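Working through the structure, step by step
Listed below, chain by chain, are the residues.
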Amino acid sequence: MVESSSRKLMLEKGYFYPELWTQVFTRLPVKTLLKLRCVCKEWRSIIDDPYFAFVHLTYSNNNCKDTHLLLLEYVTWKRQQWTMLEYNTLRRTIEFLDLCEFGSFDVKGYVNGLLLIINEYEFCGNDGNIILWNPSIRKYILLPQCPLLPLGSGLEVVADMEFGLGFDHLSNDYKVVAILYPVPEDGSQSQPITLVEVCSLRKNCWKSIQDGTPSLDCWGPQVLLEGVIHWLGFNSDTYDRKSCQIVCFDVSHEVFNYIMTPDNGDDTNPTSTSLIVSGESLAILDAYLSRVCIWVLEEYGVVESWVKRYTMDLQYYRFFHLKKNGDLLFSNRDGAQLYNIKTRCLKNAERIYPEHWHFVDTYVESLALLKGVDV
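Right, let's walk through the structure included here. Along each chain, residues carry numbers from 1 onward, in the same order as the chain's sequence is written. Local features in a predicted model are, by the rule used here, given only for residues with pLDDT of at least 70; side-chain atom pairs are given and counted only at 80 or more, and totals for whole chains, interfaces and linings are based on all residues. The basis for the side-chain values is all heavy atoms of the structure; hydrogens and waters are excluded.

**Structural notes on the overall build of the protein chain**
- The number of helices and strands found in the protein chain is 5 helices and 25 strands.
- Note on exposure labels: buried denotes an accessible area under 20% of the residue type's maximum, exposed denotes more than 50%, and partly exposed covers the range between, all computed with a 1.4 Å probe on protein chains only. Residues counted as buried form 48% of the 375 residues belonging to the protein chain.
- For this analysis, residues touch if any pair of their heavy atoms sits within 4.5 Å. The long-range share in the protein chain, meaning contacts at least 24 apart out of those at least 6 apart in sequence, stands at 48%.
- All accessible areas in this document rest on Shrake-Rupley with a 1.4 Å probe, and a residue is counted as covered only by the protein chains that are shown. Entry remark: accessible area of the protein chain is about 19500 Å², with carbon and sulfur atoms responsible for 52%. Here a helix means four or more residues in a row that DSSP labels H or I, a strand means two or more in a row labelled E, and each is numbered from the N terminus.

**Comments concerning the sheet that holds strand S18 (residues 291–297)**
- We treat two strands as partners when DSSP finds at least two bridges between them. Read from one edge to the other, the open sheet built from 4 strands follows the order S16-S17-S18-S19, with strand pairing classed as antiparallel. Each having just a single partner strand, strand S16 (272–278) and strand S19 (306–313) make up the two edges of the open sheet. Strand after strand, the sheet turns through a mean of 25° between neighbouring axes, direction not considered.
- Alignment of strand S17 (residues 281–288) against S18, held across 6 bridges, turns out to be antiparallel. Within the sheet, the bridge partner assigned to Tyr288 lies in S18 and is Arg291. Each axis is a line fitted through C-alpha atoms, taken for helices only over the stretch in contact, and angles between the N-to-C directions span 0 to 180 degrees.

**Here we look at the environment of Val364**
- Along the chain, Val364 turns up in the loop between strand S24 (357–362) and strand S25 (373–374).
- When the C-alpha positions of Val364 and Gly113 are compared, they lie 4.6 Å apart, and in sequence the two are 251 residues distant.

**So, the side chain of Asn134**
- Along the polypeptide, Asn134 turns up in strand S6 (residues 130–134).
- Polar contact is defined as a pair of N or O atoms within 3.5 Å, subject to the rule that within protein one atom must be able to donate a hydrogen and the other to accept it, and that residues adjacent in sequence are counted only when both atoms are side-chain atoms. At a separation of 2.6 Å, a polar atom in the side chain of Asn134 contacts the side chain of Ser136.
- Polar contacts involving the side chain of Asn134 include one to the main-chain carbonyl oxygen of Ala368, which spans 2.8 Å.
- Setting aside anything within four residues of it in sequence, one finds Asn134 in contact with Gly113, Leu114, Lys139, Ser366, Leu367, Ala368 and Leu369.

**Observations concerning helix H5 (residues 50–63)**
- To estimate the expected span of a helix, count its residues, drop one, and scale the result by 1.5 Å. A rise of 1.5 Å per residue sets the reference length of H5, with its 14 residues, at 20 Å; its end C-alpha atoms lie 20 Å apart and thus fit the reference within 8%.
- When H5 is considered as a whole, its buried residues turn out to be Phe52, Ala53, His56 and Leu57. Viewed along the axis of H5, the buried residues span an arc of 135°, placing them on a single side of the element. Summarising the geometry of H5, the exposed residues directed more than 90 degrees from the buried face are Tyr51 and Asn62.
- The distance from a side-chain oxygen at the start of H5 to the backbone nitrogen of Tyr51 is 2.9 Å, and the residue carrying that oxygen is Asp49. Arc, as used here, means the arc of the directions from the helix axis to the C-beta atoms.

**Topic: the packing of aromatic side chains**
- Side-chain rings of Phe, Tyr and Trp, where Trp is taken by its six-membered ring, are said to pair if the distance between their centres is within 6.5 Å; with planes under 30 degrees apart they count as stacked, over 60 as edge-to-face, and otherwise as tilted. Taken as a whole and judged by the stated rule, the model has 12 aromatic pairs.
- Connected via pairs of aromatic rings, a cluster forms that spans Trp82, Tyr110, Trp133 and Phe359.
- Directly above the aromatic system of Tyr288 lies the positively charged group of Arg291, at a separation of 4.7 Å from the ring centroid. The rule is short: NZ of Lys or CZ of Arg within 6 Å of the ring centre and within 35 degrees of the ring normal puts a charge over the ring.

**So, helix H2 (residues 18–26)**
- Within the sequence span of H2, burial applies to Trp21, Phe25 and Thr26. All buried residues of H2 project into a common sector of 135° when viewed along the axis, lining one side.
- On the buried face of H2, the contacting elements are helix H3 (30–36), helix H4 (41–48) and H5.

**A few points about the packing of H2 against H4**
- With their axes 10 Å apart at the nearest point, H2 and H4 run at an angle of 60° to one another. With respect to H4, the axis of H2 lies oblique. Taken as a pair, H2 and H4 cross one another with a handedness that is right-handed. Between H2, through Pro18, Trp21, Thr22 and Phe25, and H4, the contact on the second element is made entirely by Trp43, Ile46 and Ile47.
- A breakdown of the residues in the contact of H2 with H4 according to their chemical character gives 6 nonpolar, 1 polar and no charged. Should an angle fall under 35 degrees it is called roughly parallel, over 145 degrees roughly antiparallel, and 65 to 115 degrees roughly perpendicular, with every other angle called oblique. For any pair of crossing helices, the crossing counts as left-handed if the nearer helix is rotated counterclockwise from the farther one by less than a right angle, and right-handed if it is rotated clockwise. Ten residues, namely Ala, Val, Leu, Ile, Met, Phe, Trp, Tyr, Cys and Pro, are considered nonpolar, four, namely Asp, Glu, Lys and Arg, are considered charged, and the remaining ones, Gly among them, are considered polar.

Shown next, in the form of structure tokens:
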């Protein structure tokens, strides 16, 4: 009776129990939640809870209408700009503050609205900023210095370096993986050992992966699917499509595996090969001049389930993004184009020329890094 009276009194005064506020807040956009954090301590506590961030992201992903794109483009050779685009028209809707204090950078991963960005030129020296940035809340964190940089003893030249960003569903943690392919100081032609480090956002530290490091050069951009980071892997001597495999890094168990790519049955190497996601499946886009093929892995990890699902003739310069509804965004001499691989309908985005576009992906709102540094 006392509890019932208390509930009645709270409702009469307009109060909700915390679990009811959580249900209400879960359905609100990030911009509104940032304002609500300033209303009272109780609301701030709910919104700042990492579990709420996970619940909000899950709801957003399940109910996302996939209507906007996140774009990184070069304004000048040393200045970049982030923009949000309306998907169907590619019209600019929001321009984000850039990260000019870190200079020019490259995008190495994009997960749950969180970007992994790396200084492009700093890695030629002894330093290098590794940054996680959430554009929807304008906050970032600078990861600890990677043990692979500055370069250790016996390493004089970095032949190649790749990064990846993934989400560990078992520990509710974001992880960054760094892969270094060194060249021995003595100039030996023997195959050097690949070095791998993994950084946990929750633990804020790096740890070395000693066993099962990849023997192939990982080639971005990455694709995250089934809790696994995927890259195209090539033999460093040939970079031949026929020797190409998919390098897989299981984020939760921190182990590497491989998936064989489909045999295209052609002696001609593609002029362009990309790793993409088609629907909910891993896929490869092979382009031979104007002929474009999309192979889909119908059952994850089963090499025999590769199927050449789509074949089309397109005049293209560069491919950017494949949307869940089948819209393929690419560019040619007429500017930006949208081609639906299912309906075979081509749409031209008038007067939009993406020659300076560097990165394009679906825009996702997230509360990750809520306690990070303001941009």
